[in-house]
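Residues per chain, in single letters:
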Amino acid sequence: MSDFPQHAVTRSAKLATLPLGFAGRTALGLGKRIGGKSAELVAQEIQQRTSEQIFRVLGELKGGAMKLGQALSIFEAALPPEIAGPYRATLTKLQDAAPPLPASTVHAVLTEQLGDDWRENFLAFDDTPTAAASIGQVHKAVWHDGREVAVKIQYPGAGKALLSDFNQLARLGKLFGVLLPGLDIKAVLGELRERVAEELDYLREAEAQHAFATAYHGDPDVCVPDVIAANEQILVTEWMDGTPLSKIISAGTKEQRDRSGLLFVRFLFSSPARAGMLHADPHPGNYRVLPDGRLGVLDFGAVNRMPDGYPDVFGTLTRIFNKGDMETVVQGLRDEGFIRPHIEVDKEALRAFLAPYVEPTQVEEFTFSREWLQRQMAAVTDLRPTNVVRQLNLPPSYVLINRVHAAGIGVLCQLGTTARFRDEVVRWVPGFADDDPDGRATALAAS
């Protein structure tokens, strides 16, 4: 745990560098303006340096700071590559190479959570973790009845460190206001804090995973391992073998990448109607391609509970966008809180920003690629205060949905998938089809 900045003083000191740095840059900017430099150029310099510092510090920390950085990833399009690139690289390193707990600590946690006789639950237990993430790690074991299982163990102190981060970040509202003037950062932080608190509760995660496993039981496309046992910090589930999606991305055939991407989208779009929840961590490490071709899904700590299914507004506004009625789109975004009352946006700039999210719904078959995403994002990668991305808000109820959309498009571009994505939107997203005013997804889920 040496590179998990757990100690409250250490973490607070890192986060405290943000407002101090901003104050220094603001004073420097005032001096330049007195010296005759234009206000816009000074503001642009301050924003660039502020954003660089924000993303560097957030990337260095695990816990709540990293969660916030992930949630803000949708706004990376507003940042130049020299800022966003190193930040993304840091996050990827943290996600893929979290330091494992030593065996002695693992045993101590198991003893504390399950009792001195914890080994009686298992016929075998592998002390070397198969995966390590931001708040816990997974071990392979054999349950007492002979079933292979995955045992997820939460890091000691992870909860305290996470929640401490949010207490610190809540004080930085003014700083984020400079970088993203349209964003209500306090509301975003409040929503993230609640969702992260849920991730720390493995009993709640067990409830969500069991609901998904039940909803997709016997499904020809998706497999979710069911829960065997759980308490607040230990989660035991069925073991699932398969090829990690990251390997399909790097070495899969075109056919494998196409099918994996299609099933990935089908799972994300269908789950609100089928399970009443959205899997909110679409990281390639949480997906497996099983030998029978199904897509296996892991890690249900981050879910968005959507008992009423997918919000109609997404399908409706996407359909209206495709018809070219930007006036109605802007008003719809205002009504939902994506554009705050005091903010005016350039409609054509907004159209350019929304295009990558909407374009796949305009054609029968679509190919995602890194090059396509780079072309789309090139239109909004500047630091001028008028950049439309900087004017947008992220309403609390949409924090996780937007995280899934942004990250999901990234995964599809990594896969380079070609598929009939529009069919999945028509089938599962209420409000998109003209002839589906009542939401076809609900009817399909009930059939």
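Asks: Please explain the side chain of Q154 as it appears in this structure.
Replies: Of note, Q154 is situated in strand β4 (residues 148–154). Taking the relative accessible area as the measure of exposure, Q154 reaches 4% and is therefore buried. When sequence neighbours within four positions are dropped, the list of residues in contact with Q154 reads V109, I135, G136, G159, L200, Y202, E232 and Q233.

Asks: Looking at this structure, how should I read the sheet that holds strand β10 (residues 287–289)?
Replies: Hydrogen bonds between backbone groups are what pair the strands of a sheet, and the pairing can be parallel or antiparallel. With mixed pairing, the four strands of this open sheet are ordered in space as β5-β11-β10-β8. This sheet does not close on itself; its edge strands, each paired only once, are β5 (222–223) and β8 (243–244). As paired elements, β8 and β10 share two bridges and run antiparallel to each other. Within the sheet, the bridge partner assigned to P244 lies in β10 and is R288.

Asks: In this structure, what is going on with the pairing of strand β6 (residues 227–230)? I would like to understand it.
Replies: On a regular strand, one side chain projects to one face of the sheet and the next to the other, so that they alternate. As paired elements, β6 and strand β7 (residues 234–238) share three bridges and run antiparallel to each other. Residue pairing across strands places V227 opposite T237, the latter belonging to β7. Here β6 folds back onto β7, and the loop between the two strands holds three residues.

Asks: It is not clear to me how the confidence of the model for the protein should be interpreted in this structure. Could you clarify?
Replies: As a note on interpretation, predicted positions should not be read in detail where pLDDT is low. Averaged over all residues, the pLDDT of the protein is 77; the fraction at 70 or higher stands at 67%. Contacts of residues 74–80 to residues separated by more than four positions or lying in other chains number 31 contacts, the stretch itself having pLDDT below 50. Confidence drops under pLDDT 50 across residues 90–97; counting only partners more than four residues distant or on other chains, this segment forms 15 contacts.

Asks: For this particular structure, what's the right way to read helix α14 (residues 347–358)?
Replies: In an α-helix, one turn spans 3.6 residues, which is why side chains three or four residues apart end up on the same side. Helix length check: α14, at 12 residues, gives a terminal C-alpha distance of 15 Å against a target of 16 Å (1.5 Å per residue), a fit within 8%. L350, F353, L354, A355, P356 and V358 are the residues of α14 that are buried. With a side-chain oxygen positioned 3.0 Å from the backbone nitrogen of E348, the residue opening α14 is D346.

Asks: Quick question: what am I supposed to make of the packing of aromatic side chains here?
Replies: To describe a pair of aromatic rings, you give the distance between the ring centres and the angle between the ring planes. If you walk through the whole model with that rule in mind, you get 17 aromatic pairs. Centre to centre, the rings of W118 and F122 are 6.2 Å apart; their planes meet at 70°, and the pair counts as edge-to-face. Classification of W118 by relative accessible area gives buried; the value is 4%. With a centroid separation of 4.9 Å and an interplanar angle of 75°, the aromatic rings of F366 and F368 are classed as edge-to-face. Here the two residues F366 and F368 agree in accessibility, since each one is buried. Three or more aromatic residues joined by ring pairs make a cluster, and in this case those are F212, Y216, F264, F267, Y287 and F300.

Asks: Looking at this structure, how should I read helix α11 (residues 254–275)?
Replies: Here α11 is 22 residues long and its end C-alpha atoms lie 30 Å apart, about the 32 Å a rise of 1.5 Å per residue gives. Of all the bends in α11, the greatest, near 35°, is centred on F269, and the proline P272 appears no more than four residues after it. Burial runs high along α11: 16 of the 22 residues are buried.

Asks: Before we go on, may I ask you to explain the environment of L400 in this structure?
Replies: Inspection of the secondary structure puts L400 in helix α17 (residues 399–415). Under the relative-accessibility criterion, L400 is labelled buried at 3%. Spatially, the C-alpha atoms of L400 and V303 are 7.9 Å apart, while their sequence positions differ by 97 residues.

Asks: Would you mind going over the environment of E364 with me for this structure?
Replies: The topology assignment puts E364 in the loop between α14 and β13 (366–367). Among the residues examined, E364 registers a relative accessible area of 43% and is labelled partly exposed. In the structure, E364 is positioned 57 residues away from F421 in sequence and 7.5 Å away in space, judged by C-alpha atoms. Excluding its chain neighbours within four sequence positions, the residues that come into contact with E364 are A419, R420, F421, R422 and D423. Here the side chain of E364 touches R420 through a polar contact of 3.0 Å, side chain to side chain.

Asks: What's the story with the pairing of strand β3 (residues 136–143) in this structure? I'm lost.
Replies: Here three bridges tie strand β1 (residues 122–125) to β3, and the two strands are oriented antiparallel to one another. Looking across to β3, one finds that F122 is bridged to W143. Two elements, strand β2 (residues 131–132) and β3, share two bridges in a ladder whose sense is antiparallel. Bridge assignment links A132 to a residue of β3, and that residue is Q137.

Asks: Whenever I open this one, the nonpolar core confuses me. Can you help?
Replies: Inside soluble globular proteins, nonpolar side chains tend to come together where they are buried. Residues F212, F267 and L350 are the most contacted members of the largest nonpolar core, which totals 73 residues. Among the elements that line this core, the one with the most residues is α17, at nine residues. Sequence-distant contacts of F212, defined by excluding residues within four places in its chain, comprise V224, F267, S271, A275, M277, L278, H279, F300 and V303. Counting residues in hydrophobic clusters, the runner-up holds 24 residues, among them F125, A141, I153 and Y202.

Each value, and the rule that gives it
- Residues numbered from 1 in each chain as written.
- Predicted model: local features only at pLDDT ≥ 70, side-chain atom pairs only at ≥ 80, totals over all residues.
- Heavy atoms only, no water.
- Helix = DSSP H or I, 4+ residues; strand = E, 2+ residues; numbered from the N terminus.
- Buried < 20%, exposed > 50% of the residue type's maximum accessible area, 1.4 Å probe, protein only.
- Contact = heavy atoms within 4.5 Å.
- Pairing = 2+ DSSP bridges.
- pLDDT = per-residue confidence, 0-100.
- Expected span 1.5 Å × (residues − 1).
- Polar contact = N/O pair within 3.5 Å; in protein donor to acceptor, adjacent residues only side chain to side chain.
- Phe/Tyr/Trp six-rings, centres within 6.5 Å; stacked < 30°, edge-to-face > 60°.
- Bend = angle between axes of the 7 residues up to and from the residue.
- Core = buried A, V, L, I, M, F, W, Y, C linked by side-chain atoms within 4.5 Å.

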